[in-house]
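Results of the structural survey
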Amino acid sequence: MKSRDVTIESVQPTDNPDLIWDPSSQDVIAWGDVVAFKVDPTDLASVVDRTAAIRDLKKFATRSPQIMRVSPDDRQHRSNQTIDIDISDVNNRAVLLFNVSGDGTIQMLYPIGSDASLNQSANLRLPLRVREPFGAEQVVAITSQQRMAELESLLLHLNRRRAPGQVIQAIARYAPPDARIGSIGFFSVP
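Now for a quick tour of the structure. Values in this document were obtained by computation on a predicted structure and should not be read as measured data.

1. Topic: the nonpolar core
Leu 57, Phe 98, Ile 142, Leu 151 and Ile 171 are the most contacted members of the largest nonpolar core, which totals 24 residues. For this core, the secondary-structure elements that each account for two or more residues are α1 (44–63), β7 (94–101), β8 (106–110), β10 (135–144), α2 (149–158) and α3 (164–174). Per-element accounting of this core gives the leading share, five residues, to α1. Beyond its immediate stretch of four places on either side in the chain, Leu 57 contacts Val 100, Val 140, Ile 168 and Ile 171. In terms of nonpolar packing, the next biggest core, distinct from the first, is built from 19 residues, Val 70, Ile 85, Ile 87 and Val 139 among them.

Given below as structure tokens:
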């Protein structure tokens with residue numbers, strides 16, 4: 001089976017795979033944690049793409065990191081719980097914030113609607129409500145001294161779609177040279 005961006009190879013659990021799909025629960029497990037709940041076999045490619053995309057995001061984030069935190073800093077957050085994402089040192093910087101869920105769904109978080117294109121304070125705190133799809137969440141912040149219109153437009157286009165590989169390609173293509181990228185992960189459960 002081949003996903004859009006990475007090759008998928010079926011192996012035995014004893015071969016130490018990156019992901020395990022449990023056919024009875026339809027959950028996808030990585031390193032002992034459920035990264036996506038109730039995944040249909042036809043959607044496994046998106047979960048595999050997500051795993052590869054997160055690996056690439058972490059490489060981007062080490063080049064010029066954007067500091068961010070989630071609070072409360074519990075390892076697991078429940079449905080409808082409100083959490084805060086804090087992004088530091090963003091005065092006069094454009095901020096893009098999105099989530100890559102465990103099943104590979106992209107969720108645009110900021111800016112949406114009438115949100116300001118340039119932040120006017122040193123820190124930005126965004127309250128978010130935990131919602132489906134549940135599993136591993138990877139919230140990503142990209143900041144720059146200039147508005148990132150092409151990247152913002154593409155993220156809005158990918159909103160609610162399973163397209164983690166396309167997000168990586170968009171960041172590589174459209175992130176400006178001064179971009180700082182931060183990423184924080186946590187788990188959500190129903």
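2. Examining unusual backbone geometry
In this structure, Pro 72 follows Ser 71 across a cis peptide bond, with omega equal to 0 degrees. Within the element layout of this structure, Pro 72 appears in the loop between β4 (68–71) and β5 (76–78). With omega at -5 degrees, the peptide bond leading from Tyr 110 into Pro 111 counts as cis. Mapped onto the fold, Pro 111 is located in the loop between β8 and β9 (124–129).

3. Thoughts on the sheet that holds strand β6 (residues 82–87)
Ordered by their spatial adjacency, three strands build an open sheet running β4-β6-β9, and the pairing between neighbours is antiparallel. Of all the strands in the sheet, just β4 and β9 have a single pairing partner and so form its edges. Between one strand axis and the next, the sheet turns by 20 degrees as a mean value, whatever way the strands run. Pairing analysis gives four bridges linking β4 to β6, with the strands arranged antiparallel. When the sheet's bridge partners are listed, Val 70 is paired in β6 with Ile 85.

Rules of the game
Residues numbered from 1 in each chain as written. Predicted model: local features only at pLDDT ≥ 70, side-chain atom pairs only at ≥ 80, totals over all residues. Heavy atoms only, no water. Core = buried A, V, L, I, M, F, W, Y, C linked by side-chain atoms within 4.5 Å. Buried < 20%, exposed > 50% of the residue type's maximum accessible area, 1.4 Å probe, protein only. Helix = DSSP H or I, 4+ residues; strand = E, 2+ residues; numbered from the N terminus. Contact = heavy atoms within 4.5 Å. Pairing = 2+ DSSP bridges. Axes fitted to C-alpha atoms, helices over the stretch in contact; angles between N-to-C directions.

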